[in-house]
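# Chains, contacts and geometry: an overview
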Amino acid sequence: EELKKMNDEQIKRIFGDNSDIINAFSKINAIEFQYNNKAKEIDPSGMLGIDDDTHIGIKAQELQENPITSSVVEEQPNGYLAVNTKELTTTNTAVLSEVCKKIVLLEQKINELEGVIYGR
């Protein structure tokens, strides 16, 4: 039997757009960090990517406290928090989409204002 193509409306309960997503993401702070010795003890094999390099990232606790990103944080059996990067990537794509829409809208408004100011 041929698999039917299903669209999101058929397989998801969609609640509508999330117009506050940009504001929620503006509360997440980027950090620069290096893993400490405690992190290296948790992952002696290095399979989790714990190394001596400097990284740019975010705090799992901030994601957990944010209603938009709380679902991307998982508590590990050892009690530490981990970020589900696959889930976060989808969320980031949604935010980027909203930011792009906002940029297009602002560019249109700037062009309209320039038209009024410069008689275009």
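Please refer to the structure placed before this passage.
Residues numbered from 1 in each chain as written. Predicted model: local features only at pLDDT ≥ 70, side-chain atom pairs only at ≥ 80, totals over all residues. Heavy atoms only, no water.

## As for the overall build of the protein chain
The criterion, for reference: Each helix is a run of H or I in the DSSP string that is no shorter than four residues. Each strand is a run of E no shorter than two, and both are numbered from the N terminus. Values of the radius of gyration come from C-alpha atoms, whereas the globule rule sets the reference at 2.2 Å times the count of residues to the power 0.38. With a 1.4 Å probe rolled over the protein chains alone, any residue whose accessible area is under 20% of its type maximum counts as buried; one over 50% counts as exposed, and the rest are partly exposed. Whether two residues are in contact is decided by their heavy atoms, any of which lying within 4.5 Å being enough. Surface exposure here means Shrake-Rupley accessible area, sampled with a 1.4 Å probe, where a residue is shielded only by the protein chains that are shown. Under the counting rule used here, the positive set is Lys and Arg, the negative set is Asp and Glu, and His together with the chain ends is not counted. Where a charge lies is defined by one atom per residue type: Lys uses NZ, Arg uses CZ, Asp uses CG and Glu uses CD.
Along its length, the protein chain carries five helices and four strands. Start at the N end of the protein chain and walk to the C end: the helices and strands fall as α-α-β-α-β-α-β-β-α. Since a compact globule built from 120 residues should have a radius of gyration of about 14 Å, the 21 Å found for the protein chain marks it as more spread out than a globular shape. Along the first, second and third principal axes, the C-alpha atoms of the protein chain reach 65 × 50 × 25 Å. When the 120 residues of the protein chain are sorted by exposure, 17% land in the buried category. The contacts in the protein chain between residues at least 6 apart in sequence include a share of 43% that link residues at least 24 apart. Accessible area of the protein chain: about 10,000 Å², with a carbon and sulfur share of 52%. Charged side chains in the protein chain number 13 positive and 21 negative. The centres of these two groups are separated by 6 Å.

## Digging into the pattern of salt bridges
When their charged atoms lie close together, side chains carrying opposite charge are able to pair. Here is the rule: By convention in these notes, a salt bridge is any Lys or Arg side-chain nitrogen within 4 Å of a carboxyl oxygen on Asp or Glu.
Under the criterion given, the structure shown has two salt bridges. The salt bridge involving Lys101 is made with Glu98; its shortest N-O contact spans 3.3 Å. Here Lys101 pairs with Glu98, and both are found in helix H5 (residues 85-118), just three residues apart, close to one helical turn.

## Let's talk about a nonpolar patch on the surface
Here is the rule we go by: Like charges within 9 Å and nonpolar side chains (Val, Leu, Ile, Met, Phe, Trp, Tyr) within 5 Å are joined into patches, using only residues over 30% in relative accessible area that form no salt bridge.
Together, Leu113, Val116, Ile117 and Tyr118 line one region of the surface with nonpolar side chains, adding up to about 500 Å² of accessible area. Note that Tyr118 resides in helix H5. Taking the relative accessible area as the measure of exposure, Tyr118 reaches 56% and is therefore exposed.

## A few points about the packing of aromatic side chains
To be explicit about the condition: Centre distance within 6.5 Å is the pairing criterion for rings of Phe, Tyr and Trp, where only the six-membered ring of Trp is used; planes under 30 degrees apart are then read as stacked, over 60 as edge-to-face, and the remainder as tilted.
A complete count under the given rule lists one aromatic pair for this structure. Between Phe33 and Tyr35, the aromatic rings sit 5.2 Å apart at their centres with planes inclined by 85°, giving edge-to-face as the arrangement. Given the relative accessible area of 28%, Tyr35 is considered partly exposed.

## Some points on H5
Worth spelling out the cut-off: In a helix, the anticipated span is given by 1.5 Å times the number of residues less one. Polar contact criterion, stated in full: a pair of N or O atoms within 3.5 Å, where within protein one must be able to donate a hydrogen and the other to accept it, and residues adjacent in sequence count only if both atoms are side-chain atoms.
The end-to-end C-alpha distance of H5, which contains 34 residues, comes to 47 Å, matching closely the 50 Å that a straight helix rising 1.5 Å per residue would cover. Taken together, the buried residues of H5 touch helix H2 (21-25), strand E2 (54-58), helix H4 (60-65) and strand E4 (81-83). N-cap assignment for H5: the residue whose side-chain oxygen lies 3.1 Å from the backbone N of Lys86 is Asn84. Immediately beyond the C-terminal end of H5, within one or two residues, lies Gly119, with a positive phi of roughly 70°.

## With respect to the nonpolar core
What counts, and what does not: We define a nonpolar core as any set of buried Ala, Val, Leu, Ile, Met, Phe, Trp, Tyr and Cys residues linked to one another through side-chain atoms lying within 4.5 Å.
One finds Ile21, Ala24, Phe25, Ile28, Ala60, Leu63, Ile68, Val72, Val73, Leu88 and Val95 forming the largest nonpolar core, which totals 11 residues. Breaking this core down by element, the ones donating at least two residues are H2, H4 and H5. Excluding residues within four positions of it along the chain, Leu88 makes contact with Ile58, Leu63, Thr69, Val72 and Val83.

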